[in-house]
Amino acid sequence: MLRTVVAVLILAAVADRGHSADGPVKPIPEVVPERIIGGSTSNIIPYQLSLRSYNTHTCGAVIISAYWAVTSAHCTAGGTISSLTLLAGTTNRLSGGALYRISRIVNHPLFDQRTHNNDIALLKVSVPFNFNDLVHPIPLAYSGQTPTTGSAAMVSGWGSFSTNSPALSTYLQSVVIPVIDNSTCNKLLNGRITANMLCAGPLTGGKDACAGDGGGPLVVNGFLHGIVSWGVGCAQRNSPGVYTNVSALRLWIASVTGV
């Protein structure tokens, strides 16, 4: 399941995973949208955004420049410029901060909602973000810059605390988890990992993103390496979370944003 709180997208994602172009495939566990599990309430994270549909939180997003933010394509698919906004500069998704209107949505042209490959979208705001101690961008991983296995990665968001809970966190949460190599992750998740994905989370479970965290940041050594995308359950044993691999899509990001 994709890590958003939009029910229509969740149901579509679950249905798509049952079949391939070659016919029925072996059923897999339900994939769920992401929210932080096993973490703690966070201080302000200046690059963290709340992506909102009609001013209700649906996903995370990340500031990458004065005019641009990045999120997951599954968070913006079906959305419109008039319905989506970005909330910056607050740890409380219900109050504070500054709301920004969006002037342009660019979903990756090869985003596949069935496989979750290329799960990335770029959002341009109508007026530039007002940078200060509470709001500023994070540098992007360079093209080909892959974090080493076991690296400490921080993921953050306002998502739910368990797979079966629809309730979101009012206050921003974060948790530090280890990066898992793609070969191991691919074996654990039935061959579904592509070069445009990376995995993170303890194989013992207990720490993860979950529903409502989709589109949010995975940060390693001060660089944005991942964007919350999907997972099989939340914080399950031998089921690390899956993230869009920023370094693998870095050149596409630059071609759209100039960043």
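Structure: above.
Residues numbered from 1 in each chain as written. Predicted model: local features only at pLDDT ≥ 70, side-chain atom pairs only at ≥ 80, totals over all residues. Heavy atoms only, no water.

Right, let's get into the sheet that holds strand β8 (residues 98–107). Read around the barrel, 6 strands follow the order β4-β5-β6-β9-β8-β7 and close on themselves; strand pairing throughout is antiparallel. When the angles between neighbouring strand axes are averaged without regard to direction, this sheet yields 45°. Of the strand pairs in this sheet, β8 and strand β9 (residues 121–125) are connected by 5 bridges, and their pairing is antiparallel. Note that in β9 the partner of Ile105 across the bridge is Leu123. (Pairing = 2+ DSSP bridges. Helix = DSSP H or I, 4+ residues; strand = E, 2+ residues; numbered from the N terminus. Axes fitted to C-alpha atoms, helices over the stretch in contact; angles between N-to-C directions.)

Scanning all chains against the criterion turns up 2 aromatic pairs. A ring pair is formed by Tyr100 and Phe129, whose centres lie 4.8 Å apart and whose planes are at 55°; its orientation type is tilted. Here Phe129 lies in the loop between β9 and β10 (152–157) and Tyr100 lies in strand β8, a separation of 29 residues in the sequence. In terms of burial, Tyr100 and Phe129 fall into one category: buried. Arranged with centres 5.6 Å apart and planes meeting at 50°, the rings of Tyr142 and Phe223 form a pair that is tilted. In this pair, Tyr142 sits in the loop between β9 and β10 while Phe223 sits in strand β14 (residues 223–230), placing the two residues 81 residues apart along the sequence. (Phe/Tyr/Trp six-rings, centres within 6.5 Å; stacked < 30°, edge-to-face > 60°. Buried < 20%, exposed > 50% of the residue type's maximum accessible area, 1.4 Å probe, protein only.)

Scanning the model with the defined rule gives 3 disulfides in all. Across the disulfide from Cys185 sits Cys199; the S-S distance is 2.0 Å. Looking along the S-S bond of the Cys185-Cys199 disulfide, the torsion reads about -80°, which is the left-handed sense. Of this pair, Cys185 sits in helix α3 (residues 182–188) while Cys199 sits in strand β12 (residues 197–200), and the two are 14 residues apart along the sequence. The exposure class of Cys199 is buried, given its relative accessible area of 0%. Between the sulfur atoms of Cys210 and its disulfide mate Cys234 the distance is 2.0 Å. Disulfide Cys210-Cys234: torsion about the S-S bond near 85°, hence right-handed. Taken as a pair, Cys210 in the loop between β12 and β13 (217–220) and Cys234 in the loop between β14 and β15 (241–245) lie far apart in primary sequence, 24 residues in all. Taking relative accessible area as the criterion, Cys210 reaches 0% and is therefore assigned buried. In the chain, the bonded cysteines, numbered by position in the sequence, are linked as 1-2, 3-4, 5-6. (Disulfide = S-S within 2.5 Å.)

Shape descriptors only; they carry no functional weight alone.
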